[in-house]
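Report on the structure
Residue-level listing of the chains:
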Amino acid sequence: MVFPSLYFFLTLITLLIATYTDLRKRIVPNRLTYTIAGTGIILKIFESLNAQAIEPILFALAAATIAFAVSYALYRMGAWAGGDVKLVTALAIINPVNYGILRDALGLQSQLLSTTPLPIFAVTLIVASIFSMLPLGILMALTASLKHKEVFARTMKAVAAKALGILGAGIFAAGAETILSKSGIELFWVLPIMVAAAFIPKKARNAAIIISAVAGLLVSAQNLLFNSIAIAVPLVCVYFLWKLYAESREFAFREKIETAKITEGMIPDYYLVEKGGKIIPVEAPSIKSVIKQLMDNKIENALKAYKVPGNVFSSPREAGGLTEEAAEELRKKALQGNAPKQLVVRKTAAFVPAILIAYIALQFTGDLIWNLIF
């Protein structure tokens, strides 16, 4: 238990330091990540010697490889910054598995909370960190809606327009579930049936909802009512939060700034493309337009729509934002009249605090998610 406890406190100290630097300067120092990575490898070698087994160091290297592969993929997609990639990879070395230190300290004994003997804890940490950011995003959206009443009004109008359709989906799903359970058919088929129903014409879909409701009432009116509410209410809540996010983006997640004040780490909300010595903003192609091209079987058009023409100076997909060199170049060109005087940049939140929250939470829950899956 000595080594896991040491790894826990070492990770906690590292994340606290990284959280401070991320909140203050929006960076994770390379010195910190390289130090923790080197220290982790040395400790794992000592652990292997102490156990007279090669597994501890092999697990550490395997975990680091998996962590780097997953986090680097997120980096290439523009969802993560380079500092986050290095930090998670370094932490994977000393946390190849979930040691569940707080779980064991509280005596929480359960098979569901047990540790999965695979070097995949970093994957769990990445997923949990992303979910840890959701409350902050919701808070930013709510704050914007309080300041800009039209955001909340548009959101409620959209929810009211969709509520009846969502209720119909809930009734259809509840009716199908009631019928399938009485017929002895696996309830797994409810989801494929709902997906298929979404693609049929509206009149046919309405008829299916009525048939499902009548059949459900005949089998069990109580189950139909309870399940309809249990399905529809969460769907309405999810749609409300998604619509609130979409309507508040302009105010909650973007701001206009003078190009002369652009600094390292800022993320322009559109592509900055260099043409003829000038830098011009180009709107990023929407995912919706690309998906539509793919659904119309126009793969070539989809690829063209996704690619931005010209020499891309800055991309909104880069989570790390502008480098100091790029920011300086932008400021110079703006002074020369070769770049916009103002830019719209994204309001971003520090991500390391989410990693810290996720790490502490996972020490309580163990590998609950993996145990439920497997």
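Residues numbered from 1 in each chain as written. Predicted model: local features only at pLDDT ≥ 70, side-chain atom pairs only at ≥ 80, totals over all residues. Heavy atoms only, no water.

Read across the open sheet, the three strands follow the order E3-E2-E4; overall the sheet is antiparallel. Each edge of the open sheet carries a strand with a single partner, namely strand E3 (278-282) and strand E4 (311-314). Averaged over neighbouring strand pairs, the angle between their axes works out to 40° when direction is ignored. Both strand E2 (residues 271-275) and E3 contribute to a ladder of five bridges, which runs antiparallel. Bridge pairing in E3 places Glu274 opposite Ile279. Seen against the sheet, helix H13 (residues 324-336) touches E2, E3 and E4 and runs at an angle of roughly 100° to E4. (Pairing = 2+ DSSP bridges. Helix = DSSP H or I, 4+ residues; strand = E, 2+ residues; numbered from the N terminus. Axes fitted to C-alpha atoms, helices over the stretch in contact; angles between N-to-C directions. Contact = heavy atoms within 4.5 Å.)

In terms of nonpolar packing, the biggest core is built from 42 residues, with Leu15, Trp80, Leu87, Val88 and Ile355 touching the most fellow members. At the level of elements, helix H1 (2-25), helix H2 (30-51), helix H3 (55-76), helix H4 (82-94), helix H5 (101-105), helix H6 (121-132) and helix H14 (352-365) are the ones that each hand at least two residues to this core. Of the residues forming this core, the biggest block, eight residues, is contributed by H4. In this structure Leu15 touches Leu87, Leu91, Val352, Ile355, Leu356 and Tyr359, once residues within four positions along its chain are discounted. (Core = buried A, V, L, I, M, F, W, Y, C linked by side-chain atoms within 4.5 Å. Buried < 20%, exposed > 50% of the residue type's maximum accessible area, 1.4 Å probe, protein only.)

Before going further, it helps to examine the packing of aromatic side chains. Scanning all chains against the criterion turns up eight aromatic pairs. With a centroid separation of 6.1 Å and 20° between ring planes, the pair formed by Phe8 and Tyr359 is classed as stacked. Placement of Phe8 in helix H1 and of Tyr359 in helix H14 is noted, with a sequence separation of 351 residues between them. Look at Phe8 and you get buried, because its relative accessible area is 6%. Taking relative accessible area as the criterion, Tyr359 reaches 1% and is therefore assigned buried. Taken together, the aromatic side chains of Phe8, Phe9, Phe121 and Tyr359 make up a single cluster linked through ring pairs. (Phe/Tyr/Trp six-rings, centres within 6.5 Å; stacked < 30°, edge-to-face > 60°.)

Turning our eyes to something else, we now look at unusual backbone geometry. Not every positive phi belongs to a glycine, and Gln52 is a case in point at roughly 55°. With respect to the helices and strands, the residue Gln52 is situated in the loop between H2 and H3.

On to helix H10 (residues 202-252), then. Taking 1.5 Å per residue, 51 residues should reach 75 Å; H10 reaches only 36 Å between its end C-alpha atoms and comes up short. Of all the bends in H10, the greatest measures close to 130° and is centred on Ser220. (Expected span 1.5 Å × (residues − 1). Bend = angle between axes of the 7 residues up to and from the residue.)

Take a nonpolar patch on the surface next. Judged by side-chain polarity, Val127, Phe131, Leu134, Ile138, Leu142 and Leu241 come together as a nonpolar surface patch covering roughly 500 Å² of accessible area. Residue assignment for the nonpolar patch shows that the elements contributing at least two residues are H6 and helix H7 (134-147). Here the nonpolar patch takes three residues from H7, the largest share from any one element. With respect to the element layout, Leu142 can be found in helix H7. Given the relative accessible area of 34%, Leu142 is considered partly exposed. (Patch = residues over 30% accessible without salt bridge, like charges linked within 9 Å, V, L, I, M, F, W, Y side chains within 5 Å. Areas by Shrake-Rupley, 256 points an atom, 1.4 Å probe, with all protein chains shown as cover. Salt bridge = Lys/Arg side-chain N within 4 Å of Asp/Glu carboxyl O.)

Per-residue confidence for the protein chain gives a mean pLDDT of 82; residues scoring 70 or more make up 86%. Mean pLDDT across the elements of the protein chain bottoms out in helix H12 (residues 299-306) (50) and peaks in H2 (93). (pLDDT = per-residue confidence, 0-100.)

Along the chain, the position of Thr19 falls in helix H1. What makes Thr19 buried here is its relative accessible area of 10%. Contacts of Thr19, omitting those with residues within four sequence positions, involve Val352, Pro353 and Leu356.

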